[in-house]
Amino acid sequence: MQNFKVILLICSLLAGLNLPAQENMKRIPAGSYKPFIKGLTENVAVEAFLLDTVQVTNQDFLEFVKANEQWSPDKIKALFADSAYLIHWPEKYLQNESKTANQEPVVNVSWFAANAYCKWKNKRLPSLHEWEFAALALPKNSLDNNELTQINHSWYSRKNSTRQTVGSVYQNQYGIWDMFGLVWEWVYDFNSVVSSNDSRNKEEIASGFFCGSASLNASDASDYVSFIRYSYRGSLKGNYTTRKLGFRCAKSIEEN
Amino acid sequence: MKTKNFLNIIFIILLVSIISCNQKSERTIVDPEEEVKGVVHAELTDAPLVPPRIPNKSNTKVIVNLEIIEKEMRLADGVDYTFWTFGGSVPGKFIRVRQGDLVEFHLHNHPDNLLPHNIDLHAVTGPGGGAEASLIAPGKSAQFSFRALNQGLYVYHCATAPVGMHIANGMYGLILVEPLEGLPPVDHEFYVMQSEFYTSGKYGDRGHQDFDMQKAFDERPDYVVMNGSVGANTGENAMMVQVGETVRLFLGNGGPNLVSSFHAIGEIFDKVYVEGGTLINHDVQTTLIPAGGSAIVEFKCEVPGTLHLVDHSIFRAFNKGAIAQIKVVGNENHQVFTGLEKEEVYLPEGTAIQKISKKTEPSDAVMIELSHEERMEAGEKLYKQNCLACHMDHGKGIPGTFPPLVNSDFLQARADKGIGIILEGLQGEITVNGEKYNNIMPAVSLSDDQVASILTYIHNNFDNGGGLVKAADVKAWREQK
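Residues numbered from 1 in each chain as written. Chains lettered and ligands numbered in written order. Predicted model: local features only at pLDDT ≥ 70, side-chain atom pairs only at ≥ 80, totals over all residues.

Colleague: I'd like a description of the overall build of chain A, backed by residues and values.
Modeller: What chain A contains, in helices and strands, is eight helices and seven strands. Looking at chain A residue by residue over its 256 residues, the buried ones come to 38%. Considering only residue pairs separated by 6 or more positions, chain A has 71% of its internal contacts joining residues 24 or more positions apart. (Helix = DSSP H or I, 4+ residues; strand = E, 2+ residues; numbered from the N terminus. Buried ≥ 20, exposed ≤ 12 C-beta atoms within 10 Å, placed from the backbone. Contact = placed C-beta atoms within 7 Å.)

Below, the structure is given as structure tokens:
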């Protein structure tokens, strides 16, 4: 009888660990990866965490804005977002709700707004390392390492004028959709790696991410896909909003 | 006597060194403290055009607005590519300022763009040539100013990581810093820039082509082009000048990898500003333009005709697209060039001997008659060996140069079914399907049997009413003559 109880307890514990922790999120297991930038450590350890399956949509963001007026396009402070904030929403976006709310990823949002959204959802923005680690996973059912590079190259090589809904490009082996190929994503510490705007000065090798020192800094100078992503982040500031930049949220896994 | 010679030599050496010193002292040094008067907005042009000189007498503040646009455009006929551009075309806009001018530069990254960009102008004295000051996310603008201290023709390009990819996708152009009083006047100035493209498909593969990173690493471009696409300035888009006029070309090489051996077929450069600087060389056939470098060449067009501007690494020109054209129109000058005095076709490989005479001899060969099917099969092979080079595989010829064989009213109107054209050749003006042609087709030395096969093929395959031409018909034609 005593034994049975113990077994039951163990079973329930195991079940708890294996539960899909939250709706629309997937568990990214702990691991380590070699970051694109040479620097402090060879490999960076990443703890297990939860990540949104898809990017935050216009519909999701509209709910947030309705509940938090200070983040509406007409009320937001200039400090937190530039003048292009949510500029793709119709002028009377609340009256035009059917146009505003859709399943396309929300863009034209600043880092501050993205951060506030995640907090409101009781989540947070993923760290750069978490995002990069999760993005390394190959597309579902793929064993070909080149496939991710291909997705990126065709993304960069085509004028992406048509808008797409979330969950349309590819799903990776963790079950996460569209890490590449839809829109760029904010990460919590987007500017932690790239603080300088030019990097051909030798003394700035540690921080630079362009031109000559970009290639001196990269762990793999042939990894153009990563170069582009890192230089993109390097061009951003927290209040910037652009037409091809959205986000998704992450969540730490609570210790039991 | 010997001493006298020696003194003479010394004297010459001294003279030469004085002259070269004088040349050196012509370089003007700009004092950045010197006052700048007035403001102008720079006029920017797309290749092959060059903006006019800024006329102001003293140094001026020049405002430059340049917009970065990522857009899909034609790379060759039937081939599209997503170019990253300075100003909406490749190469980027031509910028013209004077030595000592203060340039206020505004760089705009269009909000629809996917990527961050910046600009490194080789004309800038300052960190990164402006790159540091100008990295901008899509939907942002950056502003910086610089004093044009050095004269010369300079390349500008994007310097955002990965730099090679930004350049390979079209992000380069030229900025001219000319002397305050301007370069000596010429009749025409043009802007020509060479560069390479690395595409997922081979040269000529249809449809949209992606950037191929591996080919770029290996420095094996599929396209080498003048002014951004195959044929950008050839045919009806060629640059036009008159006989007797002088031309100055502002030449650049965007790379990203290759060095250009720039040559104008049919012209000698009277003057070359070596590498776009102040050193002037004369009487040059081919000048080297480094990747990320430039040259200015000048020449006078003495005779009419078409000049082909090429990279004389010649496979790039004739097989990868590196050709632009200048059409020189006006009267012949036979003192300079006589034009064609005599023409014979010399094709030792693969084809029958061709003559440009009207003589043809009856053959004594044994007559062979083949079935329609056999004639078609033999005719196709013979057509490819003898006719395809001009009339093309599809039989449509080349408009204006080689007449079409497809549904040809000219051919169908001939009682001899075309036998005489092959055996005698054809010369002078003819009208085919409403279009005039004036060219020479040499007589082709083929047997009766071969002529019959070729003509059967042409009449059936190219929609000329079909039918069978027999060897006997050809023999009869010869005997009649």
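Read on for the rest.
Colleague: Tell me what's going on with the overall build of chain B, and back it up with residues and numbers.
Modeller: A tally of regular secondary structure across chain B gives eleven helices and 25 strands. Burial statistics for chain B: of 481 residues in total, 43% are counted as buried. Taking all contacts inside chain B whose residues are at least 6 apart in sequence as the whole, residues at least 24 apart take part in 69%.

Colleague: Residues and numbers for the sheet that holds strand β21 (residues 323–329) of chain B, please.
Modeller: All names here are of chain B. In spatial order, the strands read β13-β21-β20-β15-β18; together these five strands make up an open sheet with mixed pairing. The sheet terminates laterally at β13 (239–242) and β18 (286–289), the two strands that pair on one side only. Each adjacent strand pair in this sheet contributes to an overall mean axis angle of 20 degrees, direction not counted. As paired elements, β13 and β21 share four bridges and run parallel to each other. Within β21, the residue paired with Met240 across the bridge is Lys327. (Pairing = 2+ DSSP bridges. Axes fitted to C-alpha atoms, helices over the stretch in contact; angles between N-to-C directions.)

Colleague: For the packing of helix α6 (residues 372–386) of chain B against helix α10 (residues 448–461) of chain B, give the residues involved together with the corresponding values.
Modeller: Residues and elements named next belong to chain B. In contact at an axis separation of 7 Å, α6 and α10 are set at 95 degrees when each is read in the N-to-C sense. As summarised for this structure, α6 and α10 are arranged roughly perpendicular, according to the angle between their axes. Contacts from His372, Arg375, Met376, Ala378, Gly379, Glu380, Leu382, Tyr383 and Asn386 of α6 reach α10 at Gln450, Ala452, Ser453, Ile454, Thr456, Tyr457, Ile458 and Asn460. Per-class residue counts for the contact of α6 with α10 are eight nonpolar, seven polar and two charged. (Parallel < 35°, antiparallel > 145°, perpendicular 65-115°, else oblique. Nonpolar A, V, L, I, M, F, W, Y, C, P; charged D, E, K, R; others polar.)

Colleague: So what's going on with the interface of chain A and chain B? Which residues, and what values?
Modeller: Between chain A and chain B, the contact holds 28 residues from the first and 29 residues from the second. At the level of secondary structure, the elements contributing two or more residues to the side of chain A that touches chain B comprise α6 (146–156), α7 (211–217) and α8 (224–234) of chain A. In terms of residue count, α8(A) provides more of the side of chain A that touches chain B than any other element does, five residues in total.

Colleague: Tell me what's going on with α8(A), and back it up with residues and numbers.
Modeller: Among the eleven residues that make up α8(A), eleven are buried, leaving the element largely enclosed by the rest of the structure. A:Tyr224, A:Val225, A:Ser226, A:Phe227, A:Ile228, A:Arg229, A:Tyr230, A:Ser231, A:Tyr232, A:Arg233 and A:Gly234 are the residues of α8(A) that are buried.

Colleague: Please provide a residue-by-residue account of the pairing of strand β8 (residues 152–157) of chain B, values included.
Modeller: Residues and elements named next belong to chain B. Of all six residues in β8, five are buried; the element is thus mostly enclosed. Here strand β6 (residues 120–121) pairs with β8 via two bridges, running antiparallel. Across the sheet, residue Leu121 finds its bridge partner in β8, namely Tyr156. As judged from the six bridges shared by β8 and strand β9 (residues 172–178), these two strands associate in the antiparallel manner. Bridge assignment links His157 to a residue of β9, and that residue is Tyr172.

Colleague: Explain the packing of α10(B) against helix α11 (residues 471–480) of chain B to me, using residue names and the numbers behind them.
Modeller: Residue and element names in this part refer to chain B. The geometry of α10 relative to α11 is characterised by a closest axis approach of 8 Å and an angle of 120 degrees between their N-to-C directions. You can see that α10 and α11 cross each other, and the crossing is right-handed. Touching Asp448, Asp449, Val451 and Ala452 of α10 are Ala471, Asp473, Val474 and Lys475, all from α11. When grouped by side-chain class, the residues that make up the contact of α10 with α11 number four nonpolar, no polar and four charged. (Left-handed = near helix turned anticlockwise from the far one by under 90°.)

Colleague: Quick one: what's the story with the nonpolar core, residue by residue and with numbers?
Modeller: Core analysis: the largest hydrophobic core is formed by 145 residues, its most contacted members being A:Ala114, B:Tyr154, B:Leu174, B:Ile175, B:Val192, B:Leu251 and B:Leu309. Among the elements that line this core, the one with the most residues is α8(A), at six residues. If we skip the residues at most four places from it in the chain, A:Ala114 touches A:Val109, A:Leu125, A:Trp186 and A:Phe247. In this structure, B:Tyr383, B:Ile422, B:Leu446 and B:Ala452 belong to the second largest nonpolar core, which totals 21 residues. (Core = buried A, V, L, I, M, F, W, Y, C linked by C-beta atoms within 7 Å.)

Colleague: Describe the confidence of the model for chain A, naming the residues involved and giving the relevant values.
Modeller: Of all residues in chain A, 75% attain a pLDDT of 70 or more, and the chain-wide mean is 81. Segment residues 194–212 of chain A is flagged for pLDDT under 50; beyond a separation of four residues in sequence, or across chains, it makes 54 contacts in the model. (pLDDT = per-residue confidence, 0-100.)

Colleague: For the pairing of strand β14 (residues 246–255) of chain B, give the residues involved together with the corresponding values.
Modeller: Side-chain positions along a regular strand alternate between the two faces of the sheet. Residues and elements named next belong to chain B. Counted residue by residue, β14 has eight buried out of ten residues, so it is predominantly covered. When strand β10 (residues 188–197) meets β14, the two strands line up parallel, connected through eight bridges. The residue of β14 that forms the bridge with Tyr191 is Phe250. Here β14 runs beside strand β19 (residues 293–300); their pairing, made up of eight bridges, is antiparallel. Its bridge partner being in β19, Phe250 is matched across the sheet by Ile296.

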